[in-house]
Amino acid sequence: MHKDPNPAAAPTSAPLSASGPLDLDAFWMPFTASRQFKSAPRLLAKAKGMHYWTPEGRQVLDAVAGLWCVNAGHARPKIVRAIAEQAEEMDFAPGFNMAHPKSFELATKLVALAPKGLDKVFYTNSGSEAVETALKMAIAYHRARGEGQRTRLIGRERGYHGVNFGGISVGGIAGNRKTFGPMLGGVDHLRHTHDLKKNAFARGLPAHGAELAEDLERIVTLHDASTIAAVIVEPVAGSTGVLIPPKGYLERLRAICDKHGILLIFDEVITGFGRLGTPFAADYFGVTPDLMTAAKGITNGCVPMGAVFAKGAIHDVFMQGPEHVVEFPHGYTYSAHPLACAASLGTLETYADEGLLTRGAKMAPSFEHALHSLDESPHVIDVRNIGLVGAIELESVAEAPGKRAFDVFRTCFERGVLIRTTGDIIALSPPLIVEDAHIDQAISTIADVLKTVA
Ligand code: PXG
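What comes next concerns the included structure.

The rules we used
- Residues numbered from 1 in each chain as written.
- Predicted model: local features only at pLDDT ≥ 70, side-chain atom pairs only at ≥ 80, totals over all residues.
- Near = placed C-beta within 6 Å.
- Helix = DSSP H or I, 4+ residues; strand = E, 2+ residues; numbered from the N terminus.
- Nonpolar A, V, L, I, M, F, W, Y, C, P; charged D, E, K, R; others polar.
- Contact = placed C-beta atoms within 7 Å.
- Buried ≥ 20, exposed ≤ 12 C-beta atoms within 10 Å, placed from the backbone.
- Pairing = 2+ DSSP bridges.
- Axes fitted to C-alpha atoms, helices over the stretch in contact; angles between N-to-C directions.
- Core = buried A, V, L, I, M, F, W, Y, C linked by C-beta atoms within 7 Å.

Turning to the site of the ligand, a few remarks are in order. Around the ligand sit 18 residues in total, of which Gly127, Ser128, Gly162, Ser239 and Val269 are the nearest. Of all the elements in the fold, those that place two or more residues in the shell around the ligand are helix H2 (65-68), helix H5 (127-144) and strand S14 (420-422). With three residues, H5 is the largest single contributor of residues to the shell around the ligand. A class-by-class count of the residues in the shell around the ligand yields seven nonpolar, eight polar and three charged.

Moving on, we get to the environment of threonine 278. Within the secondary structure layout, threonine 278 lies in the loop between strand S8 (263-267) and helix H11 (281-285). Taking the C-alpha atoms as reference, threonine 278 lies 8.4 Å from glycine 387; in sequence the two are 109 residues apart. Among all residues touching threonine 278, those that are not within four sequence positions of it are Asp283, Tyr284 and Thr358.

The subject of this paragraph is the environment of proline 365. Within the secondary structure, proline 365 sits in helix H14 (residues 356-371). Owing to 10 C-beta atoms within 10 Å, proline 365 belongs among the exposed residues under this scheme. Spatially, the C-alpha atoms of proline 365 and glycine 146 are 49 Å apart, while their sequence positions differ by 219 residues.

Moving on, we come to the sheet that holds strand S4 (residues 118-124). As summarised here, the arrangement of the seven strands in space is S4-S10-S9-S8-S7-S5-S6, forming an open sheet in which the pairing is mixed. Here the strands that pair on one side only, and so sit at the sheet edges, are S4 and strand S6 (187-190). Looking at each pair of strands side by side, their axes are set apart by 20° on average, direction ignored. Taken together, the three bridges between strand S5 (residues 152-156) and strand S7 (residues 228-233) define a ladder with parallel strand orientation. Bridge pairing in S7 places leucine 153 opposite alanine 230. The strands touched by helix H4 (residues 101-113) within the sheet are S4 and strand S10 (306-311), with S4 carrying the most contacts at an inclination of about 130°. Those strands touched by helix H9 (residues 215-223) are S5, S6 and S7, and its axis lies near 150° from that of S6.

All right, on to the nonpolar core then. Formed by 127 residues in total, the largest nonpolar core has its most connected members in Val231, Leu291 and Ala307. When residues of this core are assigned to their parent elements, the largest contribution, eight residues, is made by helix H13 (residues 338-354). Here leucine 291 is in contact with Ala134, Met137, Ala138, Leu263, Ile265, Val308, Phe309, Ala310 and Ile314, once residues within four sequence places are set aside.

Structurally, alanine 138 is set in helix H5. C-beta crowding within 10 Å serves as the criterion here: with 27 such atoms nearby, alanine 138 is assigned to the buried category. For the pair alanine 138 and leucine 263, spaced 125 residues apart in the sequence, the C-alpha separation amounts to 7.0 Å. Beyond its immediate stretch of four places on either side in the chain, alanine 138 contacts Ala229, Ala230, Leu263, Ile265 and Leu291.

Honestly, it's all geometry; don't read function into it.
Right under this line is the structure:
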C-alpha cells in the first residue's frame with residue numbers, strides 16, 4: 001500500500017517551461033520573500049503519494065502534506081477520477097437558489113463525520129472564507145435571537161485565521177496585521193498558551209497553563225458578556241508553530257463560554273480530517289464547539305474548498321421570517337462548486353477505505369519517539385508533538401530571527417525533504433499515509449542539517 005512510483009520513472013530533465021526558460025516576473029507570489037525566491041527558485045512539478053518531484057526530476061519527501069492539506073497523500077486515484085469525471089459531467093452549477101445533488105450528498109457525509117451536534121454545513125472556498133463565514137454567522141445568530149448587541153469577537157494571540165479582514169482582526173500575528181489599518185472594531189484577544197519555561201520538551205499536551213483560559217473571564221469583566229458574540233481559537237495553533245493547548249485549557253474555555261452565552265468557534269482548518277489521529281480536534285479533546293471551520297483536508301488539497309459546521313440549533317434560529325426571504329445573506333459564487341464537492345467525496349472515500357482519519361493515532365507514538373530524538377540536537381530549545389503534528393523550535397540567531405530555521409528549510413529541500421518553518425520553528429505534518437521509513441528519513445535529514453547550520 002501507498003507505494004510511490006519508482007523515482008527513476010519520474011521526469012529526469014523536464015524543461016522549466018514548454019516554451020523555453022520560465023519567466024518569473026509577472027506572478028506576485030503569496031506569503032513569499034519574492035525577490036529572494038526569484039533569485040533562487042524552488043519549483044515542484046509532480047507529486048505522487050508521499051513525494052514531490054522538482055522539474056529536474058529530483059525526488060522530495062513531503063513531510064508537511066503540501067501546506068497541511070494533502071492528508072491522504074498526493075494524486076490518489078479515487079480523488080483524481082472523481083474530479084475528472086465531474087469536470088466532464090458538469091463543470092459548474094449556480095449555487096444561489098439552485099443546487100446540484102453532490103452538494104447535499106457531501107453535506108450528509110460531512111456532518112456524519114463531524115463531532116456530534118454539528119449538523120449543518122455551509123460551503124466556502126478556503127479556510128479564510130470559512131473563518132469570515134463563521135464570524136458573520138455568530139453575530140447574525142445573536143441578532144436573530146434578539147441579542148443584536150452581541151457583536152464583539154475574541155481571538156487569541158498567535159492565532160492564525162487566514163488573511164481576510166475578519167481573520168486578521170481576530171488573529172494574533174502582528175506581522176499579518178500591522179500594515180492593514182484598523183481592521184474590525186470590537187475585537188479582543190486572549191493570551192497565547194506557549195510557555196517554554198514551564199513546558200519545554202513536553203510530549204503531547206503540556207501540563208501547565210490551563211488557567212490561561214481564565215483570560216476570557218477577564219475580558220468578560222471588561223466588556224460585559226452581553227456584548228460578546230464569539231471566541232475563536234485553533235484547538236492546536238498550527239501556523240505560529242504548533243502551540244499545543246495545555247491539559248484542561250479547552251475544557252475551561254468551553255465552560256466559560258457556556259456560562260456567558262458566548263459561542264465557541266474552533267478553527268479546524270489544520271486540525272480537521274485526521275491530523276491529530278481523530279477526525280477532528282474536537283473529538284481528540286472531547287470538547288464540542290458551536291461552530292467549526294474546516295478546509296485543506298476536506299478535499300485533500302486537490303480543489304479549493306472550505307466549510308463551516310454549525311450546531312443545528314444555531315442554524316434553526318435563522319429559519320424564521322417570511323419563507324421567500326434569504327435567511328443568511330452570505331455565500332460565494334463557488335460555494336459547493338461541483339469539482340470541489342466531487343473531490344471531497346473522493347477524499348472521504350479514500351479516508352474511509354484506508355482508515356486515515358484515525359491512522360494518526362497509530363503512527364503518533366513512533367512519530368513522537370523520532371521527533372524527540374532531536375531533543376539534544378544543536379540549536380534546539382523545544383520539541384513538541386500531538387498526533388501527526390510536530391514542531392522543533394530553534395534558538396534564534398541574534399539580530400536575525402527566522403534565519404536559522406529558514407537555512408534548515410533550504411538545506412533540507414536540497415537534501416530531498418520538504419519541511420515548513422515559521423520564525424525559528426520547524427513544523428512537520430506529514431500525509432497520514434506516512435510510514436516509519438519516511439519519518440526516519442525526515443528526522444535524520446533534519447538532524448544532519450542541524451549539525452551544519454550556523
Ligand atoms: N485557519 C487556520 C487555522 C489555518 O491554518 C486558515 C484559516 C486559512 O486558510 P486558507 O485556505 O484561506 O489559506 C489557515 C491556513 C503554514 C500555513 O505554513 C498555514 C496555513 C496556510 C498557509 C500556510 O503554517 N493555514
